[in-house]
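# Residue-level structural notes
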Amino acid sequence: MGLLAAAIAVGLAAFGASIGNGMIVSKTVEGIARQPEARGVLQTTMFIGVALVEAIPIIAVVIAFIVMGGE
């Protein structure tokens, strides 16, 4: 049962991160299209946001390994 829980946790975390990254990049491109002179600031903020969102699946994988190790 722990393996199933680990697989679901990692899958949902990856799904959520992919949606989050898509929204971040989409809004950044929209912002650059509206105000091209703010490109550098927007890209920097986007990269920070993407890095923070990508931390969630990494944490989920660590938790999944912990759950699997308990069996």
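Anyway, here's the lowdown on the structure attached to this text. Note that the structure is a prediction, hence the values are computed from the model and not measured. Numbering of residues begins from 1 in every chain and follows the order in which that chain's sequence is written. Local features in this predicted model are restricted to residues whose pLDDT is 70 or higher, and side-chain atom pairs enter the listing and the counts only when it is 80 or higher, whereas totals over whole chains, interfaces and linings include all residues. The side-chain numbers reported here are obtained from all heavy atoms of the structure, hydrogens and water having been left aside.

### Brief notes about the overall build of the chain
Helix and strand content of the chain: two helices and zero strands. A globule of 71 residues ought to have a C-alpha radius of gyration of about 11 Å, yet the chain, at 16 Å, is considerably larger. C-alpha atoms of the chain, sized along the principal axes, occupy 55 × 15 × 5 Å. Each residue's exposure class comes from its accessible area (1.4 Å probe, protein chains only) as a fraction of the maximum for that residue type: buried when under 20%, exposed when over 50%, partly exposed otherwise. The burial tally for the chain puts 21% of its 71 residues in the buried class. Contacts are assigned to residue pairs with any non-hydrogen atoms lying within 4.5 Å of each other. Intrachain contacts of the chain at a sequence separation of at least 6 include 75% that bridge at least 24 residues. Of the roughly 5,000 Å² of accessible surface on the chain, a fraction of 77% belongs to carbon and sulfur atoms. A run of H or I in DSSP becomes a helix once it reaches four residues, and a run of E becomes a strand once it reaches two; helices and strands are each numbered from the N terminus. Each radius of gyration reported is based on C-alpha atoms, and the globular scaling rule is 2.2 Å times the count of residues to the power 0.38. Methods summary: accessible areas were calculated by the Shrake-Rupley approach with a probe of 1.4 Å, and residue burial reflects only the protein chains presented.

### What about the side chain of Thr-28?
Its location among the elements puts Thr-28 in helix H1 (residues 2-34). Overall, the relative accessible area of 9% leaves Thr-28 in the buried class. In this structure, Thr-28 is in contact with Leu-42 and Met-46, ignoring residues within four places of it in sequence.

### Points about the packing of H1 against helix H2 (residues 39-69)
The description of two helices packed together rests on the angle between their axes and the distance between the axes. Between H1 and H2, the shortest axis-to-axis distance is 8 Å and the interhelical angle comes to 180 degrees. Relative to H2, H1 is oriented roughly antiparallel. Of the residues that constitute the contact of H1 with H2, the class distribution is 21 nonpolar, six polar and two charged. Axes here refer to lines fitted to C-alpha atoms; in helices the fit is confined to the stretch in contact. Angles between the N-to-C directions go from 0 to 180 degrees. Just so you know how the angles are binned, under 35 degrees is roughly parallel, over 145 roughly antiparallel, 65 to 115 roughly perpendicular, and the rest oblique. Put simply, Ala, Val, Leu, Ile, Met, Phe, Trp, Tyr, Cys and Pro go in the nonpolar bin, Asp, Glu, Lys and Arg in the charged bin, and everything else, Gly too, in the polar bin.

### Some thoughts on the side chain of Asn-21
Topologically, Asn-21 is positioned in helix H1. Look at Asn-21 and you get buried, because its relative accessible area is 13%. Not counting residues within four places of it along the chain, the set of residues in contact with Asn-21 comprises Val-50, Val-53 and Glu-54.

### A look at the pattern of salt bridges
Note on definitions: salt bridges are taken to be side-chain nitrogens of Lys or Arg within 4 Å of carboxyl oxygens of Asp or Glu. In the structure shown here, the tally under the stated rule is two salt bridges. A salt bridge links Glu-30 to Lys-27; its shortest N-O distance comes to 3.9 Å. Separated by three residues within a single helix, Glu-30 and Lys-27 lie in helix H1, roughly one turn from each other. By relative accessible area, Glu-30 is classed as partly exposed at 35%. Where Arg-34 meets Glu-30, a salt bridge forms, and the shortest distance between an N and an O atom there is 3.6 Å. Of this pair, Arg-34 and Glu-30 both sit in helix H1, four residues apart, which is roughly one turn of that helix. In this structure, a network of salt bridges that share partners links the residues Lys-27, Glu-30 and Arg-34.

Limitation: the analysis is restricted to geometry and does not speak to function.
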